Amino acid sequence: MLEGCQGKPRTPTIIEKICPVCGNLIEMFSIDTQMACEVCGFVAYNDSLSCVQWCKYAKQCVGEEMYAHMMEIAANQKRREAE
């Protein structure tokens, strides 16, 4: 893990998402990559972490497995937007 991403804000902010399964409010910090809904367990992802798509240190920062997972999510989002 790198000592700190230069692109991330130093003070995390709170992101709120609505669970598409049960409607519960899911809160996560801006530095979190994902958060499970406390009610139903649905895993919501932090869409604002798009730096993974362009940062040359992304694999080192988030780990190879998470990098692959996030890139797959980004590709799926692009496909849905194109439809």
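Bear in mind the structure is a predicted one, so any value in this text is a computation, not a measurement. (Residues numbered from 1 in each chain as written. Predicted model: local features only at pLDDT ≥ 70, side-chain atom pairs only at ≥ 80, totals over all residues. Heavy atoms only, no water.)

In this section: the overall build of the protein chain. When its secondary structure is counted, the protein chain shows two helices and four strands. Helices (α) and strands (β) of the protein chain occur, in sequence order from the N terminus, as β-β-β-β-α-α. Within the protein chain, buried positions represent 22% of all 83 residues. Counting only contacts in the protein chain whose residues sit at least 6 apart along the sequence, the fraction spanning at least 24 positions is 20%. (Helix = DSSP H or I, 4+ residues; strand = E, 2+ residues; numbered from the N terminus. Buried < 20%, exposed > 50% of the residue type's maximum accessible area, 1.4 Å probe, protein only. Contact = heavy atoms within 4.5 Å.)

On to a nonpolar patch on the surface. Among the surface-exposed residues, I14, F29 and I31 lie close enough to one another that they form a single nonpolar patch of about 290 Å² accessible area. Here I31 is to be found in the loop between β2 (25-29) and β3 (34-36). (Patch = residues over 30% accessible without salt bridge, like charges linked within 9 Å, V, L, I, M, F, W, Y side chains within 5 Å. Areas by Shrake-Rupley, 256 points an atom, 1.4 Å probe, with all protein chains shown as cover. Salt bridge = Lys/Arg side-chain N within 4 Å of Asp/Glu carboxyl O.)

Turning our attention to the pairing of β2. Residues I26 and M28 point to one face of β2 and are all buried, whereas L25, E27 and F29, pointing to the other face, are not buried. Hairpin connection, strand β1 (residues 14-18) to β2: the antiparallel pair is bridged by six residues, and G23 has positive phi, about 85°. (Pairing = 2+ DSSP bridges.)

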